[in-house]
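Listed here are the chains, written in short residue letters.
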Amino acid sequence: MARFFIRRLLSLVPTMFIIVTLSFFLIRLAPGGPFARERDLPEAILQNILKRYHMDEPLPKQYLRYLGDVIRWDFGPSLRYRDRSVNEMIDTTLPVSTALGLTALSLAVILGVNVGIVSALKQNKWPDYTAMSVAVVGISVPLFVMGPILQMVFAIWLKWLPPGQWLSDHGLKAIILPAVTLSFPYFAYIARLSRASVLEVLRSDYIRTARAKGLKESVVIVKHVLKGALLPVVTYLGPALSGIVTGSVVVEAVFVVPGLGRPFVQAAINRDYTMIMADVIVYSLLLITANLVVDLVYGLLDPRISYK
Amino acid sequence: MTDDVILQVKDLKTYFKLDEGLLKAVDGVSFDLRKGETLGIVGESGSGKSVTNLAVMKLIPVPPGRIAGGEVLFQGKDLLKMPDDEIRTIRGNKISMIFQDPMTSLNPFLRISTQMIETIVLHQGMNKKDAKDKSIEMLKLAGIPSPEKRIDSYPHQFSGGMRQRVMIAMALSCNPEVLIADEPTTALDVTIQAQILELIKDLTARLGTAVILITHSLGVVAGMCDNINVMYAGRIVERGTADEIFGDPKHPYTQGLIKSVPRLDKATQQRLFSIKGQPPNVINLPDCCPFYPRCDRALDICKIKYPATAELSKGRNVACWLYSEGK
């Protein structure tokens, strides 16, 4: 297990190297650049700016310089917001996005798994139909529709919750609406997933054995069904985490949450090379870490998997 | 004679409601099981053997399944009318089961020790330590080498034959009155089959457990059983002692089954006999003899009405118009 973990950590290095290299050249391949929108810039000033950001150097040299910086976890200055460094922007926005993402994911997992189990146990009865109808809505209604509807109902009509902004303005209440909105499609998917896998396990031979041993139905469910039935949900958590972080771009815009999503989209529009690179690196690290954690949890849950 | 009957199945009916219609998987099955007896139930796939025995334990999935009638008397009490918490004290304790596929019948996520101990703690009221000692003892009886080391393994660390030994040890751990073995050797290769059958025979004889052995293999029942019930399309078509069934089969279906066993002692160049046609689809079956389309000796009445069971001698029955009055 420890050796597997160390090997996976080491494999991070080449993976990240490839991601950094590819994205570095890909962004620069696209026409235009960070300063292309500032029209009527005198040639001398433009040259000056380029020189300041070392962008007058040949591309390979820029690349090597950038690699050196990234290894020291220095993403350089933002090309758009000239008074702020990229590190600063990541440091202020990443915790917000992470808090929102993790809250939403926890909500989605806890509610999704429970609803899925109840649905499976009450298969084809009204709790099942209700839950699965809600799930279909959750999967098919996009976040930018769900968000404003919740805002309208809970913030404007009922005035229970703030319509937007973040902890500093409204305290913990502020996290509820964006987190619920963000979690909805994932809750729906996890509910359907766990319903299907509980149903499958319930029909398996070893559950028939457990019942034939005279165990109580509650013991059969908790002790014999759940461990196997939760494996597909665990597998889904890796992609879900990355999805929930990128999905928060929309939710952050709807609820004016000061997270990583807005700077990311703006950086892409503005060709803010250093900011784009930093975002790509942060998201990749998140995804890789999430997948590693999923693999480890998988190994703990399923004795048939052993890591050597 | 009836005093030592411990399990009595009377006119058991189990139906499944499907989109295509009503499937009468078991349609009026009756049999008695005596103390220490080994009873074989033989039939093709889909003849209702497994469903019969799941119904005895009330383990039929409801819906789509439904126990449509009959009684299952165990020590004088009807299992089918028992509330769930009462029948649970019988399952795994007084009547236990082993299943066809040992590869899937043990929970792959739990240690063998966990799965064995929970049954013993539940029914025998032992503490976990005693239950573990008892489990180790049972595994040893079932022929698992160094059980004290292997008991904490997971099922995937055992071979198929070893897993079936574990299942047998588990099923017998509460010293049941009845063991229902549902095709216990079908998923195993031939050399292991013989060992597992020997083990079941040996252990149940030692513990005085009555056995219901469900199988489609005549070879298996011949060596193991005192009495044999032959099932076809959800009903018992012939019953008798093993000697009677093999020495003097009455029902054309039983005769066909026995003829279609390959024989090593007769050097012939003939093709192996097989019963022509397919087992009937038991959905919406009319009231005819379900075997008549495949029967060489079918009479006109076979197409109209199911034959009443004729008693040829004590415990020797056959449901065929050839032996019924008024044909």
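Residues numbered from 1 in each chain as written. Chains lettered and ligands numbered in written order. Predicted model: local features only at pLDDT ≥ 70, side-chain atom pairs only at ≥ 80, totals over all residues. Heavy atoms only, no water.

Enquirer: Would you mind going over the interface of chain B and chain A in detail, with residue names and values included?
Expert: Taken together, the contacts link 26 residues of chain B with 20 residues of chain A. A combined buried area of about 2100 Å² lies between chain B and chain A, and 62% of that area is made up of carbon and sulfur atoms. The interface formed by chain B and chain A holds two salt bridges in total. For B:Glu118, the salt bridge goes to A:Lys213, with nearest N and O atoms at 2.8 Å. Every element with two or more residues in the side of chain B that touches chain A is listed here: helix H3 (102-105), helix H4 (112-124) and helix H7 (160-172) of chain B. With six residues, the single largest contributor to the side of chain B that touches chain A is H4(B). (Contact = heavy atoms within 4.5 Å. Buried area = accessible area lost by both parts, 1.4 Å probe. Salt bridge = Lys/Arg side-chain N within 4 Å of Asp/Glu carboxyl O. Helix = DSSP H or I, 4+ residues; strand = E, 2+ residues; numbered from the N terminus.)

Enquirer: Could you give me a rundown of the packing of aromatic side chains, with the residues and numbers involved?
Expert: Scanning the entire structure with this criterion turns up 12 aromatic pairs over all chains. Ring plane angle 55° and centroid distance 5.4 Å describe the contact between A:Phe24 and A:Tyr63, whose orientation is recorded as tilted. Residue A:Phe24 is located in helix H1 (residues 2-29), and its partner A:Tyr63 is located in helix H3 (residues 59-71); the two are separated by 39 residues in the primary sequence. The burial state of A:Phe24 is the same as that of A:Tyr63; both residues are buried. Ring geometry for B:Tyr232 against B:Phe291: centres 5.2 Å apart, planes inclined by 85°, an arrangement best described as edge-to-face. Of this pair, B:Tyr232 sits in strand E9 (residues 227-232) while B:Phe291 sits in the loop between helix H11 (252-259) and strand E11 (310-313); the two residues are 59 residues apart in sequence, bridging distant segments of the chain. Note on B:Tyr232: relative accessible area 3%, which makes it buried. A relative accessible area of 3% places B:Phe291 in the buried class. An aromatic cluster is present here, built from A:Phe24, A:Phe25, A:Tyr63 and A:Tyr66 joined pairwise through their rings. Taking the ring centre of A:Phe24 as reference, the NZ or CZ of A:Arg28 above it sits at 3.8 Å. (Phe/Tyr/Trp six-rings, centres within 6.5 Å; stacked < 30°, edge-to-face > 60°. Buried < 20%, exposed > 50% of the residue type's maximum accessible area, 1.4 Å probe, protein only. Lys NZ or Arg CZ within 6 Å of the ring centre and 35° of its normal.)

Enquirer: Could you give me a rundown of the domain arrangement of chain A, with the residues and numbers involved?
Expert: Residue and element names in this part refer to chain A. Partitioning chain A into domains gives domain 1 (16-71) and domain 2 (99-144 + 184-301). A straight line from the C-alpha centre of domain 1 to that of domain 2 covers 39 Å. Note on domain 1 versus domain 2: buried area summed over both sides is about 1200 Å², and carbon and sulfur give 72% of it. On the domain 1 side of the contact with domain 2, Met-16, Ile-27 and Tyr-66 bury the most area, a combined 40% of that side's loss. Across the contact surface, domain 1 and domain 2 share zero salt bridges. Counting across the interface, domain 1 meets domain 2 through zero residue pairs in polar contact (both at pLDDT 80 or more). Ranked by residue count, the leading element in the side of domain 1 that touches domain 2 is H1, at seven residues. Looking at the side of domain 1 that touches domain 2 residue by residue, the classes come out as 11 nonpolar, three polar and two charged. (Domains from an automatic or database assignment. Polar contact = N/O pair within 3.5 Å; in protein donor to acceptor, adjacent residues only side chain to side chain. Nonpolar A, V, L, I, M, F, W, Y, C, P; charged D, E, K, R; others polar.)

Enquirer: Could you give an account of the pairing of strand E6 (residues 95-98) of chain B, with specific residues and numbers?
Expert: Residues and elements named next belong to chain B. Side chains Ile-95 and Met-97 project from E6 onto one buried face, and the interleaved Ser-96 and Ile-98 project onto a second face that is buried too. Note: E6 against strand E7 (residues 178-182), four bridges, orientation parallel. Counted as the bridge partner of Ile-98 is Ala-181 from E7. (Pairing = 2+ DSSP bridges.)

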